[in-house]
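# Remarks on the overall topology
Residues per chain are reported as follows:
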Amino acid sequence: MKGETFSTTGQLLGTVLAVQANFYRVQLDLGDKETWGQGDLGDKEDKEDKEDKEEFPTLSPPSPPSSLSPPSPHPLLLCTRRTRLKKIGQQVMVGDRVVVEEPDWAGGRGAIAFVLPRDSELDRPAIANVNQILLLFAVADPPLEPYQLSRFLVKAESTGLDVVLCLNKGDLVSTQVQSEISDRLLGWGYQTLFISVNNNINIDKLSCQLQDKITVLAGPSGVGKSSLINALIPNAQLRVGEVSGKLSRGRHTTRHVELFELPLGGLLADTPGFNQPDIDCTPEELICYFPEARQKLAVDSCRFSDCLHRDEPGCLVRGEWERYEHYLEFLEQAIARQTQINQQADPESTQKLKTKGKGQTQYEPKLESKKYRRVSRKTQQQTLQNLYQDEE
Ligand SMILES: Nc1nc2c(ncn2[C@@H]2O[C@H](COP(=O)(O)OP(=O)(O)OP(=O)(O)O)[C@@H](O)[C@H]2O)c(=O)[nH]1
Ligand SMILES: [Zn+2]
């Protein structure tokens, strides 16, 4: 039986959990709970066919370096990057799927020989292959601010990744209030999961949503992000404690990005706290980051294809929806930002001559075509700029 452990070409695969100076901490797929447990390799070898044995004749029970204990169900190796990768300028990011060569099980070392193509790539935090963003807010203490929540949601949507919205401190408000908030957010296009880390409510439900995925946790200060990580990953504090001090301290004192292994499988990225995320998308694409408007545009379109949904005739989007005011505000910011970018790109000229039909010409504000164009999904995924910023 072959598990996920080795690809068909018999390579040793793993995921980069953290980058430490010139070393990469790689969690290997082998050791998968379904195939065999840690230190149980003899069993596994019995199950593996001969072909695999021949390819890995020196495999002995892997044990993670002692500095990385407590034990993970998956072996960890501290790896260098092969010179060939450096020569071709191949960067290795946290979240990357990599091929590891020459594992030295006793020393807990190895070398990264290849980086598999990425499904997604976030800028800040710099993590590859993220599947979803878990946006955590609190229902109270700090109070739930619709405008701030909207801003975080738009920013999260702009990555092109799935967004999971979770409200913590459910213990501080009545179920009646929770249900009102829930209805309101449903109007925004979001199903909300109410949790209470303190009272252990719905933590198991959330765990299921994170299973087997790479998730980035985001949210403003004080909503319970550290508390949630500790609830989801009982060993997190201990693990981090041995590497960089208490978990919460590590989060706020460095830009260090790290993926934590979830007990049910999957990885969670801990990120530094941040304040107000910037709206840095183009004016034209902004509307796509409002699910309630996106719904309308999925079935019909505005009269003008370049409609910014303000006062254009035949606009499908303008109207009585709760976050329309937010949209208009963010739009102003996106336009201001775009104008600034254009001016910086070409300070001499902010106008361009445009030829209209019938030979007429007119000056129009010059827009940096590349920036103004609707961006590809891949590009969207590459930007999560300023979403995370160190508190220091
Ligand atoms: N009532 C209540 N308080 C909670 C709950 N979860 C966390 N808290 C409290 O909220 C406060 C902030 O929690 P943290 O986990 O430090 O919040 P954080 O999001 O990590 O905050 P930063 O570190 O500033 O980013 C702490 O006093 C927690 O005890 C909860 O479910 N209910
Ligand atoms: Zn419109």
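So, here is what we can say about the structure in this document. Please read all numbers here as calculations on a predicted model, not as lab measurements.

Of the two faces of strand S13 (residues 267–270), the one lined by Leu 267 and Ala 269 and the one lined by Leu 268 and Asp 270 are each fully buried. Note: strand S12 (residues 258–261) against S13, 4 bridges, orientation antiparallel. Within S13, the residue paired with Leu 259 across the bridge is Ala 269. Between S12 and S13, which pair antiparallel in sequence order, lie 5 residues; one of them, Gly 265, sits at a positive phi of approximately 100 degrees.

Where strand S1 (residues 12–20) and strand S4 (residues 97–104) come together, 4 bridges link them in antiparallel fashion. Directly across from Leu 13, in S4, lies its bridge partner Val 99. In this sheet, strand S5 (residues 109–115) lies alongside S4 in antiparallel orientation, the contact comprising 5 bridges. Within S5, the residue paired with Asp 104 across the bridge is Arg 109. A loop of 4 residues connects S4 with S5, the two strands running antiparallel in sequence, and Gly 108 in this loop sits at a positive phi of about 65 degrees.

Before going further, it helps to examine helix H11 (residues 324–345). With 22 residues, H11 ought to run about 32 Å at 1.5 Å a step, and its terminal C-alpha atoms sit 31 Å apart, in line with that. All of the buried residues along H11 are Tyr 327, Phe 330, Ala 334, Gln 338 and Asn 342. Taken around the axis of H11, the buried residues stretch over an arc of 115 degrees, which confines them to a single face. In H11, the exposed residues that point more than 90 degrees away from the buried face are Glu 325, Ala 336, Gln 340 and Gln 344.

What follows concerns the nonpolar core. In this structure, Val 26, Val 100, Leu 135, Cys 166, Val 216, Leu 259 and Leu 268 are the most contacted members of the largest nonpolar core, which totals 71 residues. Take this core: its biggest share by element is 6 residues, from strand S8 (residues 132–138). Residues in contact with Leu 135, not counting those within four places in the same chain, are Phe 152, Leu 153, Ala 156, Val 163, Val 164, Leu 165, Cys 166, Ala 218 and Gly 219.

Definitions and cut-offs
- Residues numbered from 1 in each chain as written.
- Chains lettered and ligands numbered in written order.
- Predicted model: local features only at pLDDT ≥ 70, side-chain atom pairs only at ≥ 80, totals over all residues.
- Buried ≥ 20, exposed ≤ 12 C-beta atoms within 10 Å, placed from the backbone.
- Helix = DSSP H or I, 4+ residues; strand = E, 2+ residues; numbered from the N terminus.
- Pairing = 2+ DSSP bridges.
- Expected span 1.5 Å × (residues − 1).
- Arc of directions from axis to C-beta.
- Core = buried A, V, L, I, M, F, W, Y, C linked by C-beta atoms within 7 Å.
- Contact = placed C-beta atoms within 7 Å.

Take it as geometry only, folks, not as evidence of what the structure does.
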